[in-house]
Amino acid sequence: MPETKEISIGDVGARASVYQDELQGEDIAINVGPSHPTTHGVLRLIMELDGDVITKCEPVVGYLHRGDEKIAENMTYNQFVPYTDRLDYIAPLANNVTYALAVEKLAGLEVPPRCAAIRVLVTEMARLSSHLLGVGVYGMDAGAWTPFMYTFTEREKLYTLFEELTGARFTTSYTRIGGVSRDVPDGWLKKVSAFCDQFLPILEETQKLLTRNRIFMDRTEGIGVISKEDALAYGMTGPNLRAAGVDLDLRKDRPYLGYDQYEFDVPIGQTGDCYDRYLVRLEEMRQSVRIIRQVIQSFPDGPWYAEDAKKIYAPKKDKILTSMEELIQNFMIVTEGPRMPEGEVYFEAENPKGILGFFIVSKGGGVPYRLKIRSPSFCNLSILPKIVPGHYLSDITVLLGSLDFVMGECDR
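Being a predicted model, the structure only gives us computed values, none of them experimental.

From N to C terminus, the protein includes 19 helices and ten strands. Considered along the principal axes of its C-alpha atoms, the protein spans approximately 105 × 45 × 30 Å. The buried share among the 412 residues of the protein stands at 52%. In the protein, once contacts between residues fewer than 6 apart in sequence are set aside, the share between residues at least 24 apart is 70%. Just so you have it, the protein exposes about 18600 Å², and 53% of that area is on carbon and sulfur atoms. Averaging the locations of the 45 positively and 58 negatively charged side chains of the protein gives two centres separated by 6 Å.

Next comes the structure, spelled out in structure tokens:
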């Protein structure tokens, strides 16, 4: 008979630690994705496990095979606007604005105050839309279904407003180089204001379901801690960077579109864990509503496109149909693209996922010679091999959800 030994430790995990040497097995490697609901898109994670503990995590990107940057070099500046919708397809309005601002910097254009106000308005609404989906799905990642229904309902209301403004719900292609595709419809600003009034109480209801929820806190507090130094070293931006305690927001630090006219706070995290990243996005939604209300209150009159952008911005339809000069101008812009000066520019803006930047090299003419995109999701994902090891396999869902990335712009 083999000799038996009685142990007095009741806890299973503690018993395992007593016989750690005897219980150690082989490490195993598993693939999560590229098609898996946990990965929030076509992201593949190659992980090595010691039991339930992840010892190594390698993200593999590129499954979308998009080639947006090369596509941009084979079409006119105006034709590339719809492609910017597909980068972060959760916030296309913000992408459109950033790209237009980059090209306008190359052209030396400045849009009128009404156009700038419209762009701030739609950018902040895009932030609300993006964070609503991010927080709702994040709750599901942690096991909470109801908050998703709240946030998705509010996002649908935003999409209705987007449709009234742009004619499309999802891929809006609203911004033009030198302006926007159309002015705001009559009564639309009142609808946006009414949305804000009813949105904040619902946001409070949503946060009550998650913020002090014991399960949600246990699954997110102390998980995936990112230090200030690591966040900066890996090029993280946006809510993920600010949750790590870095006070950087381009809307405050390098204002564009008149952001310096509006009062708002930049929420900063304390510990840089998954819970902080949720709290920062929650507060950013409150601040976006604050900005939207100020924009509506001081909404300027005047044109909504740059008057000196005649060689870039397509003429109005009634003028095209009645004037030979305008007809020829429209023909040249459509077939050859707007005439741009030679030079190199880089412009970046504070988008919902982080800093989105466009680097453009022009040799004149209507097509960029080179166009490179700095996408926040790509940089934010790069920290996964640093923060994942040491966590349990079940933690990978909240770790990915807390970074709130979108593979459309990662695989640009």
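From this point on, the discussion continues.
What follows covers the packing of helix 13 (residues 274-297) against helix 18 (residues 396-403). Two numbers describe how helix 13 lies on helix 18: the axes approach to 9 Å, and their chain directions differ by 35°. Crossing geometry of helix 13 relative to helix 18 is assigned as left-handed. Between helix 13 and helix 18, the contacting residues are Cys-274, Arg-277 and Arg-281 on the first element and Val-398, Leu-399, Ser-402 and Leu-403 on the second. Partitioned by chemical class, the residues of the contact of helix 13 with helix 18 number four nonpolar, one polar and two charged.

Moving on, we get to the sheet that holds strand 8 (residues 340-351). Spatially, 8-9-10 is the arrangement adopted by the three strands of the open sheet, whose pairing is antiparallel. In this open sheet, the two strands that pair with only one neighbour each are strand 8 and strand 10 (370-374). Neighbour-to-neighbour, the strand axes of this sheet turn through a mean angle of 5°, independent of strand direction. Together, strand 8, strand 9 (354-365) and strand 10 form the strand contacts of helix 5 (residues 92-107), whose direction differs from that of strand 8 by roughly 145°.

Let's shift gears to the nonpolar core. Of all hydrophobic cores here, the largest spans 111 residues; its most connected members are Leu-45, Tyr-99, Met-125, Trp-188 and Phe-358. Residue contributions to this core peak at 13 residues, all from helix 6 (residues 113-141). Aside from chain neighbours lying at most four places away, what touches Tyr-99 is Tyr-77, Phe-80, Val-81, Thr-84, Ile-177, Phe-358 and Leu-371. Counting residues in each nonpolar core, the second largest holds five residues, with Ile-90, Leu-133, Val-137 and Val-406 among its members.

Next up on the list: a negative patch on the surface. A contiguous patch of negative charge, built from Glu-26, Asp-27, Glu-48 and Asp-50, is present on the exposed surface. Secondary-structure assignment places Glu-26 in the loop between helix 2 (20-23) and strand 1 (28-32).

Okay, the pattern of salt bridges next. Side chains that carry opposite charge are capable of pairing whenever their charged atoms lie near each other. Counted by the stated rule, this structure contains 28 salt bridges. Of the charged contacts, one joins Glu-164 and Lys-191 as a salt bridge, the two residues approaching to 3.3 Å between their closest N and O atoms. With Glu-164 in helix 7 (residues 146-166) and Lys-191 in helix 8 (residues 188-210), this residue pair connects regions lying 27 residues apart in the sequence. Classification of Glu-164 by relative accessible area gives partly exposed; the value is 33%. In this structure, Glu-350 engages Arg-242 in a salt bridge whose closest nitrogen and oxygen atoms are separated by 3.1 Å. Taken together, the residues Glu-350 in strand 8 and Arg-242 in helix 11 (residues 238-243) connect sequence positions 108 residues apart. The residues Glu-350 and Arg-242 share a single accessibility class, namely buried. Within this structure, Glu-124, Arg-127, Arg-242, Asp-249, Arg-251, Glu-284 and Glu-350 form a network of salt bridges that share partners.

Counting along an α-helix, one turn takes 3.6 residues, and residues three or four places apart therefore face a common direction. The end-to-end C-alpha separation of helix 7 is 30 Å, in line with the 30 Å expected for 21 residues at 1.5 Å each. All of the buried residues in helix 7 are Pro-147, Phe-148, Thr-151, Glu-154, Arg-155, Leu-158, Tyr-159, Leu-161, Phe-162, Leu-165 and Thr-166. For helix 7, the buried positions fall inside an angular range of 165° around the axis, keeping them on one side. Contacts from the buried residues of helix 7 go to helix 5, helix 6 and helix 8. Among the residues trailing helix 7, Gly-167 stands out with phi positive, at a value near 90°.

Quick notes on the rules
- Residues numbered from 1 in each chain as written.
- Predicted model: local features only at pLDDT ≥ 70, side-chain atom pairs only at ≥ 80, totals over all residues.
- Heavy atoms only, no water.
- Helix = DSSP H or I, 4+ residues; strand = E, 2+ residues; numbered from the N terminus.
- Buried < 20%, exposed > 50% of the residue type's maximum accessible area, 1.4 Å probe, protein only.
- Contact = heavy atoms within 4.5 Å.
- Areas by Shrake-Rupley, 256 points an atom, 1.4 Å probe, with all protein chains shown as cover.
- Lys, Arg positive; Asp, Glu negative; His and termini not counted.
- Charge placed at Lys NZ, Arg CZ, Asp CG, Glu CD.
- Axes fitted to C-alpha atoms, helices over the stretch in contact; angles between N-to-C directions.
- Left-handed = near helix turned anticlockwise from the far one by under 90°.
- Nonpolar A, V, L, I, M, F, W, Y, C, P; charged D, E, K, R; others polar.
- Pairing = 2+ DSSP bridges.
- Core = buried A, V, L, I, M, F, W, Y, C linked by side-chain atoms within 4.5 Å.
- Patch = residues over 30% accessible without salt bridge, like charges linked within 9 Å, V, L, I, M, F, W, Y side chains within 5 Å.
- Salt bridge = Lys/Arg side-chain N within 4 Å of Asp/Glu carboxyl O.
- Expected span 1.5 Å × (residues − 1).
- Arc of directions from axis to C-beta.

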